[in-house]
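# Fold and geometry: a report
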Amino acid sequence: YAGSPGIRVTPETEVTGTDEKGLPAGKAKVSVTAWTENTKDGQQVTFTLGGQSKCCTVADGCAEAEFELENAHLWNGLDDPYLYTIQAELYTDGEKMDQVSARFGCRQMKFDPENGFFLNGRSYPLRGVSRHQDRAGVGNALTKEMHREDLELIREIGANTIRLAHYQHAQYFYDICDEAGMVVGAEIPYI
């Protein structure tokens, strides 16, 4: 849908304390929208997040649901980059027609002009690099191995953040940054 995989997940996170490791813990309200193509109003989408499922009716080409995670496992950067997976399945007359899933982290980020960056309510100084998605001989057609190598080199120098320069980078790179606990700044698609 509009250049996306057809699913959008928006977690709103509230920090309520700390976990057994001393990392921020909290709760989250997770809103999810799945868009459909060539479907009729009245078809069903079942969203599944953890042990929770919600069945929603397609209307105007999309289905929406909200989940409450009372004890959300927060994405805590390099310390604990926990990711959830949400799945959406489209049904017609009880028969599964399609499915899509998305991974996401429950996190709260804030920039303060006096005190810097905060992740889940705690000071989290950002140290990082700017990255262009290109290499000699291949331009920006990087392989997954090349993306992984770039991330490994960035982590090796001790960085915890990456500015992705000038354009949208491959979705694969965003995904492995989420898995690794990297805070990513993505620019508008300028080029």
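Our subject is the structure listed above.
Residues numbered from 1 in each chain as written. Predicted model: local features only at pLDDT ≥ 70, side-chain atom pairs only at ≥ 80, totals over all residues. Heavy atoms only, no water.

## Things to note about the nonpolar core
Ranked by size, the top nonpolar core spans 24 residues in total, and within it F47 and I86 carry the most contacts. With near-sequence residues (within four places) excluded, F47 lies in contact with V32, A34, Q52, S53, K54, C56, A63, E64, A65, F67, Q87 and A88. One finds A159, F173, Y174 and M182 within the second-largest nonpolar core, a separate group that totals eleven residues. (Core = buried A, V, L, I, M, F, W, Y, C linked by side-chain atoms within 4.5 Å. Buried < 20%, exposed > 50% of the residue type's maximum accessible area, 1.4 Å probe, protein only. Contact = heavy atoms within 4.5 Å.)

## Let's talk about the packing of helix α1 (residues 144-156) against helix α2 (residues 171-180)
Across the interface, α1 lies against α2 with an axial gap of 10 Å and an inter-helix angle of 40°. On the basis of the axis angle, α1 is oblique to α2. By crossing handedness, the relation of α1 to α2 is classed as right-handed. Contacts between α1 and α2 involve K144, H147, R148, D150, L151 and R155 from the first element and Y172, F173, I176, C177, E179 and A180 from the second. (Axes fitted to C-alpha atoms, helices over the stretch in contact; angles between N-to-C directions. Helix = DSSP H or I, 4+ residues; strand = E, 2+ residues; numbered from the N terminus. Parallel < 35°, antiparallel > 145°, perpendicular 65-115°, else oblique. Left-handed = near helix turned anticlockwise from the far one by under 90°.)

## Regarding the pattern of salt bridges
Counting across every chain of the model gives ten salt bridges. Residues K21 and D80 are paired through a salt bridge, measuring 3.8 Å at the closest nitrogen-oxygen approach. Residue K21 is found in the loop between β1 (7-18) and β2 (24-35), and its partner D80 is found in strand β7 (residues 80-81); the two are separated by 59 residues along the sequence. A residue is classified by how much of its surface remains accessible, and K21, at 55% relative accessible area, is exposed. (Salt bridge = Lys/Arg side-chain N within 4 Å of Asp/Glu carboxyl O.)

## Regarding the sheet that holds strand β4 (residues 52-57)
One open sheet holds the four strands; their spatial order is β4-β3-β8-β9, and the pairing between them is antiparallel. With partners counted over all chains shown, the strands left at the sheet margins are β4 and β9 (95-104), one partner each. The sheet shows a mean angle of 20° between the axes of neighbouring strands, direction not considered. In the sheet, strand β3 (residues 44-49) pairs with strand β8 (residues 84-92) via six bridges, with the strands oriented antiparallel. (Pairing = 2+ DSSP bridges.)

## Focus on the side chain of T33
Inspection of the secondary structure puts T33 in strand β2. Given the relative accessible area of 6%, T33 is considered buried. Polar side-chain contacts of T33 include one of 3.5 Å to the side chain of E64. Not counting chain neighbours up to four residues away, the residues in contact with T33 comprise G6, I7, R8, C62, A63 and E64. (Polar contact = N/O pair within 3.5 Å; in protein donor to acceptor, adjacent residues only side chain to side chain.)

## Observations regarding the sheet that holds strand β14 (residues 161-164)
Pairing is parallel in the open sheet, where three strands are placed in the order β13-β14-β15. Strands with a single pairing partner mark the edges of an open sheet, and in this sheet they are β13 (128-131) and β15 (183-186). Looking at each pair of strands side by side, their axes are set apart by 20° on average, direction ignored. Contacting β13 and β14, α1 runs over the sheet at an angle of about 150° to β13.

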